[in-house]
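Reading the structure
Each chain, letter by letter, is given below.
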Amino acid sequence: MVIHRHRYIDQLSRSKGNGLIKIVTGLRRSGKSFLLKKLFRRHLLEEGVQEDHILVIDLENRKNKAFKDPDYLLDWVVQQMADNDTYYIIIDEVQEVADFVEVLSSLSVTEGADVYVTGSNSRFLSSDVVTEFRGRGDEIHVWPLSFKEFMSAYGGTKEEGWAEYRLYGGLPQLLTQIGDDRKADFLRRLYRTVYLRDIYERNKIELKTEFEELSKTVASSIGAPVNPLNIANTFKSVSNVQNITDKTVAAYLDYMQDSFLIEKSERYDIKGRKYIGSLSKYYYQDVGLRNAILAFRQNEPTHIMENVIYNEMRQRGWLVDVGNIYHRVRNAEGKQQRVTLEVDFVCNKGSERIYIQSAWRMPDEEKMEQEKRSLRLVDDSFRKLLVVGEHTKPWCDEDGIQILSIYDFLLDASSTER
């Protein structure tokens with residue numbers, strides 16, 4: 001089973017020959033190695049690149065043990081480059097090479113070498129590796145399967161697929177697991193034996209029980225504006241551990257972001273055109289892992305759909321903030337008071353902007369008006385979308401707000417394009 005990941009192939013293709021090291025980052029098991037070694041290699045061959053000009057070094061293979069010696073690897077690459085044409089050098093699990101930072105620095109100044117790398121240890125998974133190659137590195141971030149990619153390999157209806165995707169997420173290996181019990185066990189084991197281990201080893205965490213309890217609290221909070229202090233307070237109220245401080249929580253959140261488990265979305269004052277630093281939202285790069293952390297006991301479709309929409313916009317290349325908009329209303333006593341409404345997402349890409357509201361169900365006109373209210377208060381000409389979790393024909397109301405189903409939004413990339 002091959003899932004074609006056209007978005008990333010396009011990014012890799014546009015990065016060819018730019019003189020930078022292409023650093024493929026992303027959550028563990030999101031398909032980085034397969035992307036480079038199989039899909040991108042096939043793309044190069046289809047583009048007419050000669051096979052002997054694609055040098056793939058797979059350091060997971062014990063037969064390639066010699067390549068862990070940095071000088072051996074560099075000498076071998078130079079020997080293979082027999083002419084003045086471009087050679088595409090793909091190194092998987094590059095962290096297995098001793099002094100791999102120096103090796104990549106050397107390759108980056110080697111004439112005719114176009115370098116693509118991925119890795120899986122805790123150091124390489126983090127954002128630090130991109131920082132080390134600032135000015136010389138080009139990061140291509142790989143996410144778990146989008147819903148559209150998932151459906152390209154799923155055998156059921158889109159309604160069945162959507163229910164499955166909301167529960168188990170989009171890690172590619174899940175498609176090889178048969179049965180709900182196998183899928184749930186796969187995610188639970190993966191979280192404990194891979195993701196937690198990476199975080200513990202990288203950050204030398206000793207309070208492992210506390211970290212795991214905290215991760216459950218964060219997983220329970222998707223869709224809610226939070227900060228380290230109120231997470232710490234929530235954590236204390238639902239656990240027996242009382243000595244967790246907001247500084248510890250902030251550090252643990254950073255560790256989870258560095259390992260690509262979660263992303264932080266800042267609050268943005270739409271009218272004031274400024275960021276509000278007090279509260280943020282955190283979204284999981286894979287909702288299946290989020291559900292596994294909670295033992296699949298908190299499957300709230302409203303918040304999970306919001307998380308999926310966030311991930312989809314990030315995969316499409318948008319920067320995504322949480323919008324706040326203020327307006328004044330008269331209370332029961334006739335006095336004016338300021339009310340804060342939320343726009344789920346303020347999405348920016350270059351000079352483009354889209355406002356998105358997520359609504360799981362629209363049982364009546366009152367609910368529809370409630371969801372539209374914050375979008376109506378946004379007084380500009382950028383697109384405004386209301387995405388609903390049920391079937392509906394795409395339509396546009398008299399205020400210019402576009403209403404479409406989650407299926408049309410996720411399966412049609414043009415839904416967010418002009």
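Everything numeric in this text was worked out from a predicted model, so none of it was measured.

**Here we look at the pairing of strand β4 (residues 113-118)**
Among the 6 residues of β4, 6 are classified as buried, and the element is accordingly described as predominantly covered. Side chains Ala113, Val115 and Val117 of β4 all project onto a buried face; the interleaved residues Asp114, Tyr116 and Thr118 project onto the opposite face, where all are buried too. Of the pairings in the sheet, the one linking strand β1 (residues 21-26) to β4 comprises 3 bridges and is parallel in character. Counterpart to lysine 22 in the pairing with β4 is tyrosine 116. Both strand β3 (residues 87-92) and β4 contribute to a ladder of 6 bridges, which runs parallel. Bridged to aspartate 92 within β4 is threonine 118. On the question of chirality, the crossover connecting β3 to the parallel β4 by way of helix α4 (residues 100-108) is right-handed.

**A look at the pairing of strand β10 (residues 352-359)**
Among the 8 residues of β10, 7 are classified as buried, and the element is accordingly described as predominantly covered. By the bridge criterion, 5 bridges tie strand β9 (residues 336-349) to β10 in an arrangement that is antiparallel. Residue cysteine 347 lies in a different strand from β10, and its bridge partner there is isoleucine 354. Connecting β9 to the next strand, β10, in antiparallel fashion are 2 residues, including glycine 350 with a positive phi near 60 degrees. Following the chain from β10 across helix α15 (residues 365-377) to the adjacent parallel strand β11 (residues 383-388), one finds a crossover that is right-handed.

**With respect to the packing of helix α8 (residues 158-168) against helix α14 (residues 301-315)**
At their nearest, the axes of α8 and α14 sit 10 Å apart, and the two run at 90 degrees to each other. Judged on the interaxial angle alone, α14 and α8 are roughly perpendicular. Together, Trp162, Tyr165 and Arg166 of α8 and Pro301, Ile304, Met305 and Val308 of α14 make up the contact between the two elements. When the residues that make up the contact of α8 with α14 are grouped by side-chain class, the tally is 6 nonpolar, no polar and 1 charged.

**Things to note about the environment of arginine 338**
As for its placement among the helices and strands, arginine 338 is situated in strand β9. The exposure class of arginine 338 is exposed, given its relative accessible area of 54%. Distance from arginine 338 to arginine 328, taken between C-alpha atoms, is 4.5 Å for residues 10 residues apart in sequence.

**Re the confidence of the model for the protein chain**
In this model, the protein chain carries an average pLDDT of 91, and 95% of its residues clear a pLDDT of 70 or more. Here helix α5 (residues 122-125) stands out as the least confident element of the protein chain, with mean pLDDT 56; helix α16 (residues 406-411) is the most confident, with 98.

**What about the environment of aspartate 180?**
By the element assignment, aspartate 180 lies in helix α9 (residues 180-203). The spatial distance from the C-alpha of aspartate 180 to the C-alpha of leucine 167 is 9.8 Å, given a sequence separation of 13 residues. Side-chain polar atoms of aspartate 180 contact the side chain of tyrosine 168, separated by 3.3 Å.

Reading guide: rules and limits
Residues numbered from 1 in each chain as written. Predicted model: local features only at pLDDT ≥ 70, side-chain atom pairs only at ≥ 80, totals over all residues. Heavy atoms only, no water. Buried < 20%, exposed > 50% of the residue type's maximum accessible area, 1.4 Å probe, protein only. Helix = DSSP H or I, 4+ residues; strand = E, 2+ residues; numbered from the N terminus. Pairing = 2+ DSSP bridges. Right-handed = clockwise from strand over helix to strand, strands pointing away. Axes fitted to C-alpha atoms, helices over the stretch in contact; angles between N-to-C directions. Parallel < 35°, antiparallel > 145°, perpendicular 65-115°, else oblique. Contact = heavy atoms within 4.5 Å. Nonpolar A, V, L, I, M, F, W, Y, C, P; charged D, E, K, R; others polar. pLDDT = per-residue confidence, 0-100. Polar contact = N/O pair within 3.5 Å; in protein donor to acceptor, adjacent residues only side chain to side chain.

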